[in-house]
Amino acid sequence: MNATRDETETPALSTATMRAAATWLLDQRTVPRHQSVKLFSQGFHNYLGQLIPQIEQLADVLPPEDVPARVALAAVGEARRRLEEPEAAGLHGEVDRVRRLGRSVVALCDHHDALTGVAMCLACDKPIEAGDAWVPYDKVSPSGGAARAGRIHCRCANAPRRR
């Protein structure tokens, strides 16, 4: 790690890049090739190894009653547990294990962004910068609650969606 870099900075691979990779794997309807699964596993392990200490450092400077920090630390605990899972037998078992790692990558990327104050567009998964026009977004679940709430760029709100 570069000694001049702030320890709470986003790792070399951005949260958006790793979130996109994990989301891609989670969205696959077919089983990826063994070599692809192995590469995802290595990438997720390396990235979580970088991101976990950063989230812990960000949470440590917040008051003990800070709910987002406590939730982030709970997600860190779950990610650590998943990192300790041994390689699974068979391709399907290994895909399931690596997908669990992918879910931890997505969760910790979200927690990192929340703790650093980064707002991400839920449509394009890019940061909403100061001065960007955005609108609130609440995807309502069938049970009536918001399934995913956040913001989207105005340009994304008007873009056609692929289904």
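Right above here is the structure, for reference.
This one's a predicted model, so the numbers in the text were calculated from it and none came from an experiment.

Lay out helix α1 (residues 15-27) with the relevant residues and their values.
The end-to-end C-alpha distance of α1 is 18 Å, a good match for the 18 Å that 13 residues give at a rise of 1.5 Å each. Along α1, the positions that sit buried rather than exposed are T15, M18, R19, A22 and L25. One face of α1 carries all of its buried residues, which in axial projection span an arc of 130°. Where α1 is buried, its residues meet α2 (34-60) and α4 (90-116).

Quick rundown of the packing of aromatic side chains? Include the residues and the values.
Per the counting criterion, the structure on display carries 2 aromatic pairs. Taking 5.7 Å as the distance between ring centres and 15° as the angle between the ring planes, the aromatic pair formed by W24 and F40 counts as stacked. Highlighted residues: W24 in helix α1 and F40 in helix α2, separated in sequence by 16 residues. Looking at W24, the relative accessible area reads 44%, which means it is partly exposed.

Can you explain the environment of E78? Please cite residues and give values.
With respect to the helices and strands, the residue E78 is situated in helix α3 (residues 67-83). Spatially, the C-alpha atom of E78 lies 9.9 Å from that of R100, the residues being 22 residues apart in sequence. Here R81 takes part through its side chain, which lies 2.5 Å from a polar atom of the side chain of E78.

Report on the pattern of salt bridges, specifying residues and quantitative values.
Summed over all chains, the structure comprises 8 salt bridges. Here E78 ties to R82 by a salt bridge, and the two come within 3.2 Å at their closest N and O atoms. One end of the pair, E78, and the other, R82, are both in helix α3, 4 residues apart, so they sit about a helical turn from each other. Its salt-bridge partner being E85, residue R81 comes within 3.3 Å of it at the nearest N-O pair. Under the relative-accessibility criterion, R81 is labelled partly exposed at 42%. Residue class for E85 comes out buried when judged on its relative accessible area of 16%.

Rules of the game
Residues numbered from 1 in each chain as written. Predicted model: local features only at pLDDT ≥ 70, side-chain atom pairs only at ≥ 80, totals over all residues. Heavy atoms only, no water. Helix = DSSP H or I, 4+ residues; strand = E, 2+ residues; numbered from the N terminus. Expected span 1.5 Å × (residues − 1). Buried < 20%, exposed > 50% of the residue type's maximum accessible area, 1.4 Å probe, protein only. Arc of directions from axis to C-beta. Contact = heavy atoms within 4.5 Å. Phe/Tyr/Trp six-rings, centres within 6.5 Å; stacked < 30°, edge-to-face > 60°. Polar contact = N/O pair within 3.5 Å; in protein donor to acceptor, adjacent residues only side chain to side chain. Salt bridge = Lys/Arg side-chain N within 4 Å of Asp/Glu carboxyl O.

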